[in-house]
Amino acid sequence: MQQFHFPEGFLWGTATASYQIEGAAAEDGRGQSIWDRFSDIPGKTWRGQSGRVACDHYHRVDEDIDLMRSMGVDTYRFSIAWPRIQPDGSGPANPAGLDFYDRLVDKLVAAGIKPMPTLYHWDLPLTLENLGGWPVRDTAERFGEYAAIVASRLVDRVETWWTLNEPWCSAYLGYANGHHAPGRTEPGAALAAVHHLLLGHGLATQALRAAGAEQVSIVLNPSHCRGDEDAVQVVDGVANRIFFDPLLKGAYPEDVVANTRSHTDWGFVQDGDLETISQPIDLLGVNYYTPTWLRSKAGAPEIDVFPGSAGIEGWTPEELPVTDMGWPIDASGLFDLLVRIHKDYGVPVMVTENGAAYPTGPNEAGEVVDTERIEYLRSHIGAVHDAIGAGVDVRGYTAWSLMDNFEWAFGYDKRFGLVYVDYATQRRIPKASAKFYSDVIAANGLELD
Ligand code: IFM
């Protein structure tokens, strides 16, 4: 048995997102989001499910904070629903929406839990999508204004802010393959969305800094690519470097611009945008679940979610175990990814999401013994420790997710929580993994064979 200890001050947390847990979709003046509409389109989500009720967190904040307090977490990464703050995505704030997050932040602080809000975790106000969505520049401008509103209310109690969560998903799942809201399948629009999401991040960063925010960052979900070198170069470009490079080097990679010319002339990039996008950030949020395996294959069509990837196919090694999402489990991918980011970009990081879906429910004794999730967490937390040992500046780890919730197109069929949610009664049951995680937090480390 080896004892692994993490550096003093390392932050342990859990993460959630507004549309996945809050419910109360029509309460207190909340406007509609793209996910409300998308979920209503037959066939888009599992059994037509939506986040309208979700975990009813909107009415159960106290109980959910108690769960975190009993786990001993240092921090909680939650997201703010833009349509609660500005029901149509612009104009004056809805006071009831701001009040909800104001109370949440107060309660977290009182519980000794550091609040880390994400400004955008995919619930774009529907009105803005009707005006063109992320493929149009105005959405970025509106996002900057929204950031200023939220910051002015919460900045006195919030130290660390995340602008966007996984813009890869917003752009490519939302506008390239349409698996997520708003469900469009226009690769050129997806690339414009990438740019306007990044511009929105830059404008929000300016607004947050102007309000006095201490730490500003963005959360990415890089696809750690393995396989044929040429295939990896192309997909790493359109999936990862297209975000890393403008944010951290102030330019889009030339090979990505060249590879995607059949979809767009990149005319949406205006003078000054890259300066706005590349303002310094304090750390980078990294979400990791599984690597991506690729190989070159003559004549293969583009992978629907990666514009510019013709001649490449994805595959999955058969020997690896998979989670309930069908995602292969490979903790070494997290180590490799963190080391790569450190070497290529030299920015401090926080693992802002990591976890696994398993269907485990209560046994006869009413306990949820999710041994597989514990093993997943153990190996990935070990990989984070190894990365720190290899010189990577990792500031914290937030497990996905505090509780089972609305897993987007998969509805409530996939359970990522440390806490089980019985959706019929809204009863919460901490799983064995919650106990495991709280032991890790208490020891600031873990034991590995
Ligand atoms: O549930 C999602 C989350 O909203 C964003 N990152 C990945 C998670 C699991 O799919």
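For the structure itself, look to the data block above.
Residues numbered from 1 in each chain as written. Predicted model: local features only at pLDDT ≥ 70, side-chain atom pairs only at ≥ 80, totals over all residues. Heavy atoms only, no water.

Peer 1: Could you give an account of helix 15 (residues 432-443), naming the residues involved and the relevant values?
Peer 2: With 12 residues, helix 15 ought to run about 16 Å at 1.5 Å a step, and its terminal C-alpha atoms sit 17 Å apart, in line with that. Restricting attention to buried positions, one finds in helix 15 the residues Ser433, Ala434, Phe436, Tyr437, Ser438, Val440 and Ile441. Of the residues one or two after helix 15, Asn444 is the one with positive phi, at around 50 degrees. (Helix = DSSP H or I, 4+ residues; strand = E, 2+ residues; numbered from the N terminus. Expected span 1.5 Å × (residues − 1). Buried < 20%, exposed > 50% of the residue type's maximum accessible area, 1.4 Å probe, protein only.)

Peer 1: An account of helix 7 (residues 137-154) is needed here, citing residue identities and associated values.
Peer 2: Residues spaced three or four apart along an α-helix face the same direction, because each turn holds 3.6 residues. Between its first and last C-alpha, helix 7 extends 26 Å over 18 residues, near the 26 Å set by a 1.5 Å rise per residue. Looking only at helix 7, the buried set comprises Thr139, Ala140, Phe143, Gly144, Tyr146, Ala147, Ile149, Val150, Ala151 and Leu154. Where helix 7 is buried, its residues contact helix 4 (82-85), helix 5 (95-110), strand 4 (114-120), helix 6 (126-130), strand 5 (160-165) and helix 9 (187-211). (Contact = heavy atoms within 4.5 Å.)

Peer 1: Go over the nonpolar core with me, naming the residues and quoting the values.
Peer 2: The tendency in soluble globular proteins is for nonpolar side chains to be buried side by side. Grouped together as the largest cluster of nonpolar side chains are 144 residues, with contacts concentrated most on Tyr120, Tyr172, Leu284, Leu338, Ile381, Tyr397 and Tyr437. In this view, Ile381 contacts Phe6, Trp12, Tyr397, Phe436, Tyr437, Val440 and Leu446; residues no more than four positions away in its chain are not counted. One finds Leu11, Met116, Trp162 and Met350 within the second-largest nonpolar core, a separate group that totals six residues. (Core = buried A, V, L, I, M, F, W, Y, C linked by side-chain atoms within 4.5 Å.)

Peer 1: Give me the pattern of salt bridges: which residues, what numbers.
Peer 2: Using the criterion set out here, one finds 35 salt bridges in the structure. With a closest N to O distance of 3.0 Å, Asp36 and Arg30 form a salt bridge. Like Asp36, the residue Arg30 is buried in the burial classification. Two residues, Asp336 and Arg226, come together in a salt bridge whose shortest N-O distance is 3.1 Å. (Salt bridge = Lys/Arg side-chain N within 4 Å of Asp/Glu carboxyl O.)

Peer 1: Can you tell me about the sheet that holds strand 7 (residues 225-227), naming the residues and giving the values?
Peer 2: Two strands in a sheet stick together by hydrogen bonds in their backbones, pointing the same way (parallel) or opposite ways (antiparallel). Across the sheet, which stays open at both edges, the three strands sit in the order 7-9-10 with mixed pairing between neighbours. The open sheet terminates on both sides in strands that have one partner only, identified here as strand 7 and strand 10 (312-315). Averaged over neighbouring strand pairs, the angle between their axes works out to 40 degrees when direction is ignored. Both strand 9 (residues 292-296) and strand 10 contribute to a ladder of four bridges, which runs antiparallel. Bridge pairing in strand 10 links Arg295 to Glu313. In the packing of helix 10 (residues 229-249) onto the sheet, the strands contacted are strand 7, strand 9 and strand 10, and the crossing angle to strand 7 comes to about 170 degrees. (Pairing = 2+ DSSP bridges. Axes fitted to C-alpha atoms, helices over the stretch in contact; angles between N-to-C directions.)

Peer 1: With reference to specific residues and values, describe the environment of Ala443.
Peer 2: Considering the arrangement of structural elements, one finds Ala443 in helix 15. The class of Ala443 is partly exposed, set by a relative accessible area of 40%. Placed 154 residues apart in sequence, Ala443 and Tyr289 show a C-alpha to C-alpha distance of 24 Å.

Peer 1: So what about the sheet that holds strand 5? Which residues, and what values?
Peer 2: Around the barrel, which closes on itself, the eight strands sit in the order 2-3-4-5-6-8-11-12 with parallel pairing between neighbours. The average undirected angle you get between the axes of adjacent strands in this sheet is 25 degrees. In this sheet, strand 12 (residues 394-400) lies alongside strand 2 (residues 11-15) in parallel orientation, the contact comprising five bridges. Bridge pairing in strand 12 links Trp12 to Tyr397.

Peer 1: I'd like to hear about the environment of Thr260, residue by residue, with values.
Peer 2: Looking at the secondary structure, you find Thr260 in the loop between helix 11 (254-259) and helix 12 (273-277). Here Thr260 falls in the buried class, since its relative accessible area comes to 1%. Taking the C-alpha atoms as reference points, Thr260 and Gly133, 127 residues apart in sequence, are found 21 Å from one another. Not counting chain neighbours up to four residues away, the residues in contact with Thr260 comprise Leu191, Val238, Trp266 and Pro307.

Peer 1: Tell me what's going on with the packing of helix 7 against helix 9, and back it up with residues and numbers.
Peer 2: Viewed as axis vectors pointing N to C, helix 7 and helix 9 meet at an angle of 25 degrees, and their least axial separation amounts to 8 Å. Considering their axes alone, helix 7 and helix 9 lie roughly parallel with respect to each other. Crossing hand, helix 7 versus helix 9: right-handed. Side by side, helix 7 and helix 9 meet where Arg137, Ala140, Glu141, Phe143, Gly144, Ala147, Ala148 and Ala151 of the first sit next to His196, Leu199, Gly200, His201, Leu203, Ala204, Ala207, Leu208 and Ala211 of the second. Looking at the contact of helix 7 with helix 9, its residues break down into 11 nonpolar, four polar and two charged. (Parallel < 35°, antiparallel > 145°, perpendicular 65-115°, else oblique. Left-handed = near helix turned anticlockwise from the far one by under 90°. Nonpolar A, V, L, I, M, F, W, Y, C, P; charged D, E, K, R; others polar.)

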